[in-house]
There are 2 protein chains.
Amino acid sequence: MVCRPEDVGFPAVGSGMSKKTITINEIARLAGVSKKSVSRVLNDEQGVSDKTRAHIKHIMQEAGYEPDRRARALASSRSLLLGLAYNNRNPSYILDLLAGSQRAANALGYEVVMHQIADEGAAADDVIRFMRRSGCDGLIITPPLSESARLLADLVSEDWPMVRVAGDHADFAVPQIRYNDRTAALSLTNQLLKDGHRELAFIGGPAAAGPTKRRLAGIQDALTLHGLTADDLTIVYGDFTFESGKQQGLALLQGSTRPSAIVCANDEMAAGVYHAAAVCGVAIPAELSVTGFDDSPVASHLYPPLTSVRQPVQAMMALAVQMLTGDSKRPPSDRIAQFDAEVVARESTAVPHPINAD
Amino acid sequence: MVCRPEDVGFPAVGSGMSKKTITINEIARLAGVSKKSVSRVLNDEQGVSDKTRAHIKHIMQEAGYEPDRRARALASSRSLLLGLAYNNRNPSYILDLLAGSQRAANALGYEVVMHQIADEGAAADDVIRFMRRSGCDGLIITPPLSESARLLADLVSEDWPMVRVAGDHADFAVPQIRYNDRTAALSLTNQLLKDGHRELAFIGGPAAAGPTKRRLAGIQDALTLHGLTADDLTIVYGDFTFESGKQQGLALLQGSTRPSAIVCANDEMAAGVYHAAAVCGVAIPAELSVTGFDDSPVASHLYPPLTSVRQPVQAMMALAVQMLTGDSKRPPSDRIAQFDAEVVARESTAVPHPINAD
DNA sequence: ATTAGTAGTGAAAACGTTTGGATGAGTTAG
DNA sequence: CTAACTCATCCAAACGTTTTCACTACTAAT
């Protein structure tokens, strides 16, 4: 069957002439009530007798009525849109956040609109313009933006509800939803220590970054637990990129005291360490154990697959959406919510070499 | 500075009493013209003298006026929203598509709403529900969904404008925007042949998939160009996943005639081949050249960095948005648009081993 | 000078919902 | 039996645009 361009171009606008849009008026007429009553049913308001309510619902169902999103938006001055501001790092994580928030938002009749921040320096203006333009009813701020003190300071005076995911800086009045990466780092390190590792190194992101600090703290918690001191841990800092992981990995592996295990603050840097290990001819995990954070796809694609930490994205985003869309009378205790993370053990860690060799 | 929860909860709704929203009425009053004229300027319609237009624009600028998206949507019965349907594979590519479409869409006053298809089997229903719910004005279908004959067949009768990115199946009446991966595969292979490789292998996605067929065709074009035949190419098929690349890579490397170069239909599978090479102790690129497709981040993170093919995402999405939002009177020639792709040469390819050894 | 055509402008009517105040029907207290 | 009150319902007015159509003033052709 050949189709000629001219008869199949863009869909003919008037293709379904008979399909007249059914409005709330129509429903009201059919049900023999006023628009207002139908509106009440739509919005689950009280003031309608159970009998009438059931009747109206039945009529709506029968007519296949779907309230007009645009009209609702205008009249109620809500857009039924939620914004999600993000930075470009770690695409799979961003998409996870999106999927999680969408699932929750859609269930409540909302849609999620994403907005990429190109220049972190001018992030606040960028976000404000976006929110004004899109008319979103609320904003989700994802890491690493949610860590940016400057952005939050500039945004805190704005009118719309906000939530930040995995952000630190408790001194800003933006509610936050976090997961317990400190505890996760603790149990991760704990396993390494149990395996017999004593020469540990940590490659952090920037020293001032929240995730770096929290994950480092967790490692130190584990050291303390095993009666070790801060001296037993070599600490270096990267910037969460593959390249920085590679550089610091090389430095560590070529240094005087080579660690038997390297804990990285994210998977990208762990990938960099893999690269460094390949260059130095160091076998993972036989001669070097490596762990990451975030459980991004790269973690399973590295060889050998990387032990990492997975955060409960679905649950976190569901709560974020709920906080944004819920009625504004909300208990203050919601301002910080914390979830537990899960260590995903793979084949990048093993009992250290010397123990077997002895 | 300590902040108590009760005084910083959600932003007080009435915090800025003085900030009265400025409407089109206000602008009209200030400019001394009617609403209609302001509307004309907003929508770049003709019928306003240049002088008046400039004056109105100036007033709008001065007042910091931003037209209300909701009201526009209701009155014009457009939502000013564009949908982007996607599958979860290759997150970085999806975000690239998003960034590209957003850039173009925002410039035209549109926002982009993403929708993930969970179950490819029920994709059509899923998309239809999404479009009805969100009220998007148009839909962008991304690969691999844009290759799904079933989805397109079910969607083609719908009312909204659609565009598919990088999809095949010319027999469906949905306009498509592609890039020339066949030519890219040709020049990629051409370089390998020039380097002296004669034992070539190709790891495709599913044999029936459009990208597989086109990229394979490009390789064969190159073989023909160098006077070689189909027998000089070993062809195996995976499914675009890391795992399948690894399996097929192992099979190829452990087989009787080991190829000196493997062309993979995407980067994920190339990563799998790296894995296989590591397992077999085959050095890249000294003993084996490898190439990928898509230029995803993994391409630069592999060791050694992977030669790949980059498609002009920005330009493609800009066109997609333009096609969706433009007035419906459009030349039929727009139904298929093709862009050129770019080979990104990195360190995963080299002159084959035996030539140096001879 | 008259007429036809056209570019610029404006008043008013949609668009489909929510919202506030008014109306009417029951119910209870005096 | 009336007054006060509650509850369900309804009418009309927003909400801030676009759209339709009518009008004016100007130019060009007769």
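A quick note: this is a predicted structure, and the numbers were derived from the prediction, not measured.

1. Here's the deal with the overall build of chain A
When helices and strands are tallied, chain A shows 15 helices and 12 strands. Computed over C-alpha atoms, the radius of gyration of chain A comes to 27 Å, more than 25% over the 21 Å expected from 2.2 N^0.38 for 358 residues, which places it beyond the range of a compact globule. In terms of its C-alpha atoms, chain A occupies a principal-axis envelope of roughly 90 × 60 × 40 Å. Put simply, of all contacts in chain A between residues at least 6 apart along the chain, 68% involve residues at least 24 apart. For chain A, the accessible area works out to roughly 16,100 Å², and carbon and sulfur atoms hold 51% of it. Considering chain A, the positive charge centre built from 35 side chains and the negative charge centre built from 41 side chains are found 10 Å apart.

2. Topic: the pattern of salt bridges
Residues and elements named next belong to chain B. This model, assessed by the stated rule, comprises 29 salt bridges over all chains. With a closest N to O distance of 2.8 Å, Asp221 and Arg182 form a salt bridge. Of the two residues, Asp221 sits in helix α9 (residues 210–225) while Arg182 sits in helix α8 (residues 181–195), which places them 39 residues apart along the sequence. Judged by relative accessible area, Asp221 falls into the partly exposed class, the value being 23%.

3. With respect to the domain arrangement of chain A
Assigned domains within chain A: domain 1 (22–57), domain 2 (79–179 + 313–340) and domain 3 (181–310 + 343–357). Each of domain 1 of chain A and domain 3 of chain A has a C-alpha centre, and the two are 61 Å apart.

4. Overview of the environment of Leu188 of chain B
Residue and element names in this part refer to chain B. Along the chain, the position of Leu188 falls in helix α8. Using a relative accessible area of 3% as the deciding quantity, one classes Leu188 as buried. For the pair Leu188 and Thr291, spaced 103 residues apart in the sequence, the C-alpha separation amounts to 8.2 Å. Residue contacts for Leu188: discarding those within four places in its chain leaves Val263, Thr291, Gly292, Phe293, Thr307, Val309 and Val343.

5. Side note on the nonpolar core
Counting residues in each nonpolar core, the largest one holds 142 residues, and the members touching the most others are Met114, Leu288 and Val290 of chain A together with Met114 and Val290 of chain B. In this structure Val290 of chain B touches Ile262, Cys264, Ala270, Val273, Tyr274, Ile284, Leu306, Thr307, Ser348 and Thr349 of chain B, once residues within four positions along its chain are discounted. Core analysis: the next-biggest nonpolar cluster, separate from the first, contains 41 residues, Val127 of chain A together with Val127, Phe130 and Leu145 of chain B among them.

6. Side note on the pairing of strand β4 (residues 162–165) of chain B
Within a regular strand, side chains alternate between the sheet's two faces. Residue and element names in this part refer to chain B. Residues Met162 and Arg164 point to one face of β4 and Val163 and Val165 to the other, with burial holding for every one of them. Two elements, strand β3 (residues 138–141) and β4, share 3 bridges in a ladder whose sense is parallel. From the neighbouring strand, Leu139 faces β4, where its bridge partner is Met162. Following the backbone out of β3, through helix α7 (residues 149–155) and into the adjacent parallel β4, one traces a crossover that is right-handed. Strand direction decides the pairing type here: β4 and strand β5 (residues 176–179), joined by 2 bridges, are parallel. What sits directly across from Arg164, in β5, is Gln176.

Reading the values: rules and limits
Chains are numbered independently. Their residues run from 1 in the order of the written sequence. Note on labels: chains are lettered from A, ligands numbered from 1, in written order. At least 70 in pLDDT is required for a residue's local features to be given in this predicted model, at least 80 for side-chain atom pairs to be given and counted, and no such filter applies to totals for whole chains, interfaces and linings, which use all residues. Only hydrogens and water are removed before side-chain values are computed, so all heavy atoms of the structure are retained for them. Numbering of helices and strands runs from the N terminus; a helix is a DSSP stretch of H or I covering at least four residues, while a strand is a stretch of E covering at least two. Only C-alpha atoms enter the radius of gyration; for comparison, a globular chain is expected to reach 2.2 Å times N to the power 0.38, where N is the number of residues. Contacts were defined at the residue level, with two residues in contact if any of their heavy atoms lie within 4.5 Å. Accessible surface area values rest on a Shrake-Rupley calculation with a 1.4 Å probe, where residue burial reflects the displayed protein chains alone. By the counting scheme adopted, Arg and Lys are positive, Glu and Asp are negative, and His together with the chain ends is not counted. To locate a charge, take NZ of a lysine, CZ of an arginine, CG of an aspartate or CD of a glutamate. Any Lys or Arg side-chain nitrogen found within 4 Å of a carboxyl oxygen on Asp or Glu counts as a salt bridge. We call a residue buried when its accessible area falls under 20% of the maximum for its residue type, exposed when it is over 50%, and partly exposed in between, using a 1.4 Å probe and counting protein chains only. All the domain ranges listed were derived from an automatic or database domain assignment. Among buried residues, the Ala, Val, Leu, Ile, Met, Phe, Trp, Tyr and Cys ones that are joined through side-chain atoms within 4.5 Å form a nonpolar core. A strand pair is defined by DSSP finding two or more bridges across the two strands. When the strands point away from the viewer and the connection leading from the first strand across the helix to the second strand turns clockwise, the crossover is called right-handed.

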